[in-house]
Amino acid sequence: MPGVSIHGAALAYAGRTVFDDLDLSLPGGEWTALLGPSGVGKSSLLRLIAGLPAAGGTAAGSVRATDGASLAGRIAYMAQRDLLLPWLSVLDNVRLGARMRGKGRDADSRRVAMHLLDTMGLADRATDRPGSLSGGMRQRVALARTLFEDAPIVLMDEPFSALDAVTRFQLQEMAASLLSGRTVLLVTHDPMEALRLAGRIMILSGSPARLRSAGDPPALSIPRDPFQPEMAERAALLFQQLGSGSLEGAAS
Amino acid sequence: MKVLRPILTFLGLVVLWKVLVSLTGVPDFILPGPERVATVLIDRAGVILPHAVTTGMEIVIGMAVGTVFGGTSALVLTVSAPARRWVLPVLVVSQALPVFALAPLLVLWLGYGLVSKVAMAVLIIYFPVTAAFYDGLRRVDPGWLDLARVMGGSTRSVLRVIRVPAAMPAFGSGLRVAAAVAPIGAVVGEWVGSAGGLGYLMLHANGRMQTDLMFASLFVLALMALTLYALVDLIARRLAYWQPENGFA
């Protein structure tokens, strides 16, 4: 699995520097969680890696795959909103990528998409439209669509934050097992989510924002059990680190 | 009740009309009573019908041609930046020109027949269709476009799979406006110069003080316009089949 290295990332909104000269590397085949308060530029950093324009600001920086090949076509993207197309069936939403790349609705894509829906427990909803699904089901379809891309690099922007606690817990588990071994960047503002899923946790905070490591997560198998005592301890520590970061930002 | 309500409204208006005529005692050539109009409608159906067919053809062909032109223009404006820079301002400015003022010219250039009226209808519906569809094509959820971009979607596939379907509700609104104004275009065209159609018949009847025939023609025209609107509304709903309708209860 290729990793990703970002050099000299910079972001500015209306002349205000959000971050500047930031370096981040995503080790191949591992989940990296990016934590930080709102408005610190987490999503923008993810968008920069995805090759998407900064919404309303200016972003710059070099993004490379560690194997030297181009990143184009090797990234899958999952956002906080499910972004399902309401006029397409669940099945066609899952295989949207194939149609985007001009492949049409062939039997091959159907087979792959149906298999993924089956894994998500949604095979019987394949012909339904997204409008008839619950929020949790919709996000599962979005996860299936992300997996359909079969990309080595997966960028997830707060993918579970709009879900209720139980559904979030289940989806985290699914994502952890189905995306294990890929190079994943998980942007989140939930320390426990980062602790459950990530091999590495980074914190982006301050103004201008700096990146720092939050130390290694507890040595438990992923997805880590949030009810272990060391997880609670680490979560408390993370909350502290995040809090001091934002205060620092407010003071300057 | 849903079916009954418009019928009751219609009957109520007819009764009000009759009462007004009886109370004021206005002569028939100013305001004929409803029963008089109904009689003319039946007695002279043979005269009215061919004219109604003419007007109907003008409206339907005008709708079809205007929709194709408007739809194509919106697509071109969406994909081509030069078209947006050069054509869009012209399109907007052209709307400052009242289409009615062009009617005599159209008749002069295209003759008294069907073509000048179709041209009128096309001119009058072109802008609402183009503007509504173009707006819909542009105002697509940026999140969908982000997703498509990361997936490696080409401009063409984004247009086909995302933008066009997403614009269908807006396109439908444009079609509804078009259906409401297309009859105006056709009838104004007929007033300016023609040898047939309901507008012509009305003008003709007016000149001979046959006010009852005018009312009968007007009734048929209204019926046709309503049918067209209902039909287009149905099509517009079909085009946006996936859209929930959340009006006020």
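What you see is a predicted model, and the numbers here were worked out from it, not measured in a lab.

## Details of the UniProt feature "transmembrane region" (unreviewed entry) in chain B
Residue and element names in this part refer to chain B.
So, step 1. Taking the UniProt record as the reference, the feature "transmembrane region" (unreviewed entry) is found at residues 59-79, 86-112, 118-137, 181-201 and 213-232.
So, step 2. When the span residues 86-112 is considered, its composition is 78% helix and 0% strand, and the gap between its end C-alpha atoms is 34 Å.
So, step 3. Secondary structure across residues 181-201 divides into 76% helix and 0% strand, with the first and last C-alpha atoms of the span separated by 20 Å.

## Re the side chain of Ser-157 of chain B
So, step 1. Turning to its location among the elements, Ser-157 of chain B is positioned in helix H8 (residues 155-166).
So, step 2. A distance of 2.8 Å separates a polar atom in the side chain of Ser-157 of chain B from the backbone oxygen of Met-100 of chain A.

## Here's the deal with the environment of Gly-136 of chain A
Residue and element names in this part refer to chain A.
So, step 1. By secondary structure assignment, the location of Gly-136 is in helix H5 (residues 135-148).
So, step 2. Counting along the chain gives 57 residues from Gly-136 to Glu-193, while the straight-line C-alpha distance between them is 17 Å.
So, step 3. Discounting residues that sit within four places of it in the chain, Gly-136 has contacts with Leu-163, Thr-167 and Leu-171.

## Observations concerning the interface of chain A and chain B
So, step 1. Taken together, the contact between chain A and chain B spans 22 residues of the former and 21 residues of the latter.
So, step 2. Across the chain A/chain B interface, buried area totals approximately 2,000 Å², and carbon plus sulfur atoms make up 68% of it.
So, step 3. Per-residue buried area on chain A facing chain B is highest for Leu-83, Trp-87 and Met-100 of chain A; these three make up 38% of the total on that side.
So, step 4. Measuring nitrogen to oxygen at the nearest pair gives 2.8 Å for the salt bridge that ties Asp-141 of chain B to Arg-81 of chain A.
So, step 5. Connecting chain A to chain B are 7 residue pairs in polar contact (both at pLDDT 80 or more).
So, step 6. Taken together, the elements giving at least two residues each to the side of chain A that touches chain B come down to helix H1 (42-50), strand S5 (75-78) and helix H3 (96-100) of chain A.
So, step 7. With 4 residues, the single largest contributor to the side of chain A that touches chain B is H3 of chain A.
So, step 8. Partitioning the side of chain A that touches chain B into residue classes produces 13 nonpolar, 2 polar and 7 charged.

## Describing the UniProt feature "domain: ABC transporter" (unreviewed entry) in chain A
So, step 1. Per the UniProt record, "domain: ABC transporter" (unreviewed entry) is found at residues 4-231 of chain A.
So, step 2. Note that residues 4-231 of chain A is 31% helix and 26% strand, and that its end C-alpha atoms are spaced 28 Å apart.

The rules behind the values
- Residues numbered from 1 in each chain as written.
- Chains lettered and ligands numbered in written order.
- Predicted model: local features only at pLDDT ≥ 70, side-chain atom pairs only at ≥ 80, totals over all residues.
- Heavy atoms only, no water.
- UniProt positions renumbered as here; feature names shortened; annotations may be inferred.
- Helix = DSSP H or I, 4+ residues; strand = E, 2+ residues; numbered from the N terminus.
- Polar contact = N/O pair within 3.5 Å; in protein donor to acceptor, adjacent residues only side chain to side chain.
- Contact = heavy atoms within 4.5 Å.
- Buried area = accessible area lost by both parts, 1.4 Å probe.
- Salt bridge = Lys/Arg side-chain N within 4 Å of Asp/Glu carboxyl O.
- Nonpolar A, V, L, I, M, F, W, Y, C, P; charged D, E, K, R; others polar.

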